[in-house]
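One letter stands for each residue in the lines below.
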Amino acid sequence: MSANAASILARLPRDTSLFAVVKANGYGHGAVPVARAAVVGGATGLAVATLEEAEQLRGLANEDRILVMGGVPPHVAPAAAASGFAITVSSMDVAKALDDQGSVVPVHLKIDTGMGRFGCAPEEAASLAAFIDKAHGLRLVGTLTHFASADSDEAMTRRQFDTFTQALETLGVDAGIRHACNSAGARRYPEFALDAVRAGIALYGCEWPETRPALGLRSVVTHLKTIGVGETVGYGATWRAKARTQVATVGIGYADGVQRARSNRGHVLVRGRPAPLIGVVSMDAITVDVSDVGGVQPGDVVTVIGEDRGERITAEEVAEWSKTISWEVLSAIGPRVERRYSE
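Notes on the structure in this doc start here. (Residues numbered from 1 in each chain as written. Predicted model: local features only at pLDDT ≥ 70, side-chain atom pairs only at ≥ 80, totals over all residues. Heavy atoms only, no water.)

In this section: the overall build of the protein chain. Scanning the protein chain for helices and strands turns up 11 helices and 17 strands. Its C-alpha atoms give the protein chain principal-axis dimensions of about 75 × 40 × 35 Å. Here the protein chain holds 343 residues, and the buried ones make up 50% of them. Partitioning the contacts of the protein chain with sequence separation of at least 6, the portion at a separation of at least 24 is 62%. Working note: accessible area of the protein chain is about 15,400 Å², and carbon and sulfur atoms make up 48% of it. Positive and negative side-chain charges of the protein chain, numbering 34 and 38 respectively, have mean locations separated by a distance of 7 Å. (Helix = DSSP H or I, 4+ residues; strand = E, 2+ residues; numbered from the N terminus. Buried < 20%, exposed > 50% of the residue type's maximum accessible area, 1.4 Å probe, protein only. Contact = heavy atoms within 4.5 Å. Areas by Shrake-Rupley, 256 points an atom, 1.4 Å probe, with all protein chains shown as cover. Lys, Arg positive; Asp, Glu negative; His and termini not counted. Charge placed at Lys NZ, Arg CZ, Asp CG, Glu CD.)

As structure tokens, then:
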């Protein structure tokens, strides 16, 4: 993880800093260990979605460098102001609510340039920035936008960047830390890095060739049986044996992060050999065909993501089998999965 943060920074201009995005429990890895490792790797800021997530990170970075990126409604303003964390502001209502709390709140002004989610309109940015600058209870420490398709649409990304920089020119006040790039933006358009980038998925070793996967997801064989021709496996009897088959039940299911969409798709690694996933994914278990592995015993380690004896399954591969994206594959890993950490 630390090496991934360093790799990301190495691709950026020397004066660009890194906000490590550790929301959603560090994309399923564990927010606190990830944040610590990212800081060791050179990150000087941390970014999350909610106040509750930010609270877990207190003490790991300066409070005004822990950025709450998600929407903060006006009724949450008292808690947001008291936290000391940097709060993203997208509207005048939220800015006024934060200003009324009797403390000085560090804020990042978000400008919507095409994502259509959070952020003020570019033409409203100057007036909102002027309010923040004059308010006694607010301090403008950053201005940001978010790319919608940096991984797939160059024309749109360039339009968004141009819109953002044009809006910055209209502010009339110090914009603070200017940041637009997510992982894909930083990788494909390092010239758009500005003062900082917000790296999420790349930090975890996905979607960025120079980084290494930070996570392995493993379970164990809990049961073995041999079935005959014509017998079925799993809910709905969606898989039927065409030959005599040795079936291993593995103690991991969709409650743990193996998407149900993986039913009858892809494979796991058992004793370093691919074992096809057969049948529907259950809440607590999957079933795999270990007929070609040989010597399988209850208690054998099963690799769902990661390496085993020179073979590897990546989160990107699992995403293809699950008909989703690597972000969801990682962040869906459930809380009952034990996390173990090593340097």
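This is not the end of the story, as more comes after the structure.
Here valine 105 is to be found in strand β5 (residues 105–110). Counting along the chain gives 27 residues from valine 105 to isoleucine 132, while the straight-line C-alpha distance between them is 9.9 Å. Beyond its immediate sequence surroundings of up to four residues, valine 105 is in contact with Ala81, Phe85, Ile87, Leu98, Gly137, Leu138 and Arg139.

Now for the nonpolar core. Leu98, Leu109, Ile286 and Val288 are the most contacted members of the largest nonpolar core, which has 105 residues in total. Excluding residues that lie within four positions of it along the chain, leucine 98 makes contacts with Ala77, Ala80, Ala81, Ile87, Val89, Val105, Val107, Gly137 and Leu138. Among the nonpolar cores identified, the runner-up in size contains six residues, and Ile227, Val233, Trp239 and Val247 belong to it. (Core = buried A, V, L, I, M, F, W, Y, C linked by side-chain atoms within 4.5 Å.)

Of the residues making up helix α10 (residues 315–322), those classed as buried are Ala315, Val318, Ala319, Trp321 and Ser322. Mapping the buried residues of α10 onto a view down its axis gives an arc of 165°, with all of them on the same face. A positive phi of about 60° marks lysine 323, the residue just after α10. (Arc of directions from axis to C-beta.)

Both strand β9 (residues 217–227) and strand β16 (residues 301–308) contribute to a ladder of four bridges, which runs antiparallel. In the strand pairing of β16, arginine 218 is matched with threonine 303. Note: β9 against strand β12 (residues 245–250), six bridges, orientation antiparallel. Within β12, the residue paired with isoleucine 227 across the bridge is threonine 245. (Pairing = 2+ DSSP bridges.)

Attention now goes to the pairing of strand β15 (residues 286–289). Side chains Ile286 and Val288 of β15 all project onto a buried face; the interleaved residues Thr287 and Asp289 project onto the opposite face, where all are buried too. As paired strands, β12 and β15 are joined by four bridges and run antiparallel to one another. Bridging from a neighbouring strand, threonine 249 pairs with threonine 287 of β15. Alignment of strand β14 (residues 273–278) against β15, held across two bridges, turns out to be antiparallel. When the sheet's bridge partners are listed, leucine 277 is paired in β15 with valine 288.

Moving on: unusual backbone geometry. Excluding glycine, most residues fall at negative phi; most peptide bonds, likewise, are trans. Although it is not a glycine, alanine 237 adopts a positive phi angle of roughly 50°. Its location among the elements puts alanine 237 in the loop between β10 (232–233) and β11 (239–240). Non-glycine residue asparagine 264 carries a positive phi angle of around 60°. On the secondary structure map, asparagine 264 appears in the loop between β12 and β13 (267–270). What makes asparagine 264 partly exposed here is its relative accessible area of 32%.

Looking at where threonine 143 falls in the secondary structure, it is placed in strand β6 (residues 138–144). Within the structure, the side chain of threonine 143 is placed 2.8 Å from the backbone oxygen of alanine 175, a separation counted as a polar contact. (Polar contact = N/O pair within 3.5 Å; in protein donor to acceptor, adjacent residues only side chain to side chain.)

Let us look at the state of the cysteines. Here the structure, examined in full by the defined rule, presents zero disulfides. With no disulfide of its own, cysteine 120 lies 19 Å from the sulfur of cysteine 181, the closest cysteine sulfur. The structure places no disulfide on cysteine 206, whose sulfur is separated from the nearest cysteine sulfur, that of cysteine 181, by 19 Å. (Disulfide = S-S within 2.5 Å.)

Let's shift gears to helix α3 (residues 31–40). Because an α-helix packs 3.6 residues into every turn, residues spaced three or four apart end up facing the same way. When we look at burial in α3, the residues that qualify are Ala31, Val34, Ala35, Ala37 and Ala38. Viewed end-on, α3 has its buried residues packed into an arc of 165°, placing them on one side of the element. Summarising the geometry of α3, the exposed residues directed more than 90 degrees from the buried face are Arg36 and Val40. Just downstream of α3, glycine 42 is the residue with a positive phi angle, here 120°.

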